[in-house]
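In case you want the letters, here they are:
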Amino acid sequence: QVQLVESGGGLVQAGGSLRLSCAASAKFFSINSMAWYRQAPGKERELVASITSFGRTNYVDSVKGRFTISNDNAKKTVYLGMNSLKPEDTAVYYCYARELRGNTYWGQGTQVTVSS
């Protein structure tokens, strides 16, 4: 059914920027909300940012003012703009989506590495 395709990860120096993209392949189903999670080595997966289909957003405190989540409902795509990146942001970032009917989906993950 729904598949999430991520792109935009990579290696960047501290202070640099990246933008992650996640596109949902669903044609016949509506998405209620999308989010970005991340998991660093040896740590629990944490919710970084979320956004509803109406544009309501939330962020974990550590990224407020630096990251921006946005969506394009027509394209069923969510973005995560990341500015002023820090080594602590290094992690695998996962896209998450929830359909109105209740099903949930995960992207394959994309590596973000920030060098000091």
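Scroll up a little and you will see the structure.
Each value, and the rule that gives it
Position labels on residues start from 1 in each chain and follow its written sequence. Under the rules for a predicted model, residues below a pLDDT of 70 receive no local features and side-chain atom pairs below 80 are neither given nor counted, while totals for whole chains, interfaces and linings still include all residues. Excluded from the side-chain calculations are hydrogens and water; all other atoms, namely the structure's heavy atoms, are used. Put simply, a disulfide is two cysteine sulfurs that come within 2.5 Å. Helix and strand assignments follow DSSP, with helices taken as H or I runs no shorter than four residues and strands as E runs no shorter than two, numbered in order from the N terminus. Each residue is assigned to one of three classes by its accessible area relative to the maximum for its type, calculated with a 1.4 Å probe on protein chains only: buried under 20%, partly exposed between the two thresholds, exposed over 50%. Strand pairing follows a simple DSSP-based rule, namely that at least 2 bridges must link the two strands. What counts as an axis is a line fitted to C-alpha atoms, over the stretch in contact for a helix, and the angles between N-to-C directions run from 0 to 180 degrees. By definition in these notes, contact holds between two residues if any of their heavy atoms fall within 4.5 Å. The definition of a polar contact used here is a pair of N or O atoms within 3.5 Å, where within protein one atom must be able to donate a hydrogen and the other to accept one, and adjacent residues in sequence count solely through side-chain atom pairs. We define a nonpolar core as any set of buried Ala, Val, Leu, Ile, Met, Phe, Trp, Tyr and Cys residues linked to one another through side-chain atoms lying within 4.5 Å. We call Phe, Tyr and Trp rings a pair once their centres come within 6.5 Å, taking the six-membered ring for Trp, and we label the pair stacked below 30 degrees between planes, edge-to-face above 60, and tilted otherwise. Two thresholds decide whether a charge sits over a ring: the Lys NZ or Arg CZ must be within 6 Å of the ring centre and within 35 degrees of the ring normal.

## Quick notes on the state of the cysteines
Using the criterion set out here, one finds one disulfide in the structure. The disulfide partner of cysteine 22 is cysteine 95, and the gap between their sulfur atoms is 2.1 Å. The chirality of the disulfide connecting cysteine 22 with cysteine 95 is left-handed, given an S-S dihedral of about -85°. Here cysteine 22 is found in strand 3 (residues 18–24), whereas its partner cysteine 95 is found in strand 9 (residues 91–99), with 73 residues between them in sequence. Assigned by exposure class, cysteine 22 and cysteine 95 land together as buried.

## Concerning the sheet that holds strand 3
Strand order in the open sheet formed by four strands is 1-3-8-7, with antiparallel pairing between adjacent strands. Two strands in the sheet have a free side with no partner beyond their single neighbour: strand 1 (4–7) and strand 7 (67–72). Going from strand to strand, the sheet's axes swing by 15° on average, the running direction of each strand aside. In this structure, strand 1 lies alongside strand 3, joined through four bridges in antiparallel fashion. In the strand pairing of strand 3, serine 7 is matched with serine 21.

## A few points about the environment of glutamine 39
Structurally, glutamine 39 is set in strand 4 (residues 31–39). A relative accessible area of 29% places glutamine 39 in the partly exposed class. Other than its neighbours up to four places away in sequence, glutamine 39 contacts Glu44, Arg45, Ala91, Val92 and Tyr94. A polar contact is formed between the side chain of glutamine 39 and the backbone oxygen of lysine 43, at a distance of 3.2 Å.

## Overview of the nonpolar core
If you look at the biggest cluster of nonpolar residues, it comprises 28 residues, and the most contacted ones within it are Leu4, Trp36, Leu80, Met82 and Tyr93. Elements with a contribution of two residues or more to this core: strand 3, strand 4, strand 5 (46–52), strand 7, strand 8 (77–82), strand 9 and strand 11 (110–115). Other than its neighbours up to four places away in sequence, tyrosine 93 contacts Glu6, Leu20, Trp36, Tyr37, Arg38, Val48, Phe67, Leu80, Met82, Gly109, Thr110 and Val112.

## A short note on the packing of aromatic side chains
One pass over the full model with this rule turns up three aromatic pairs. Arranged with centres 5.8 Å apart and planes meeting at 70°, the rings of tyrosine 37 and tyrosine 96 form a pair that is edge-to-face. Taken together, the residues span a long stretch of sequence, with tyrosine 37 in strand 4 and tyrosine 96 in strand 9 at a distance of 59 residues. The class for tyrosine 96 is buried, based on a relative accessible area of 17%. Connected via pairs of aromatic rings, a cluster forms that spans Tyr37, Tyr96 and Trp106. The aromatic ring of tyrosine 94 is capped on one face by arginine 45, whose charged end is 3.8 Å from the ring centroid. The ring of tryptophan 106 has arginine 45 sitting right over it, with the charged end atom 4.9 Å from the ring centre.

Function cannot be inferred from these measures alone, as they are strictly geometric.
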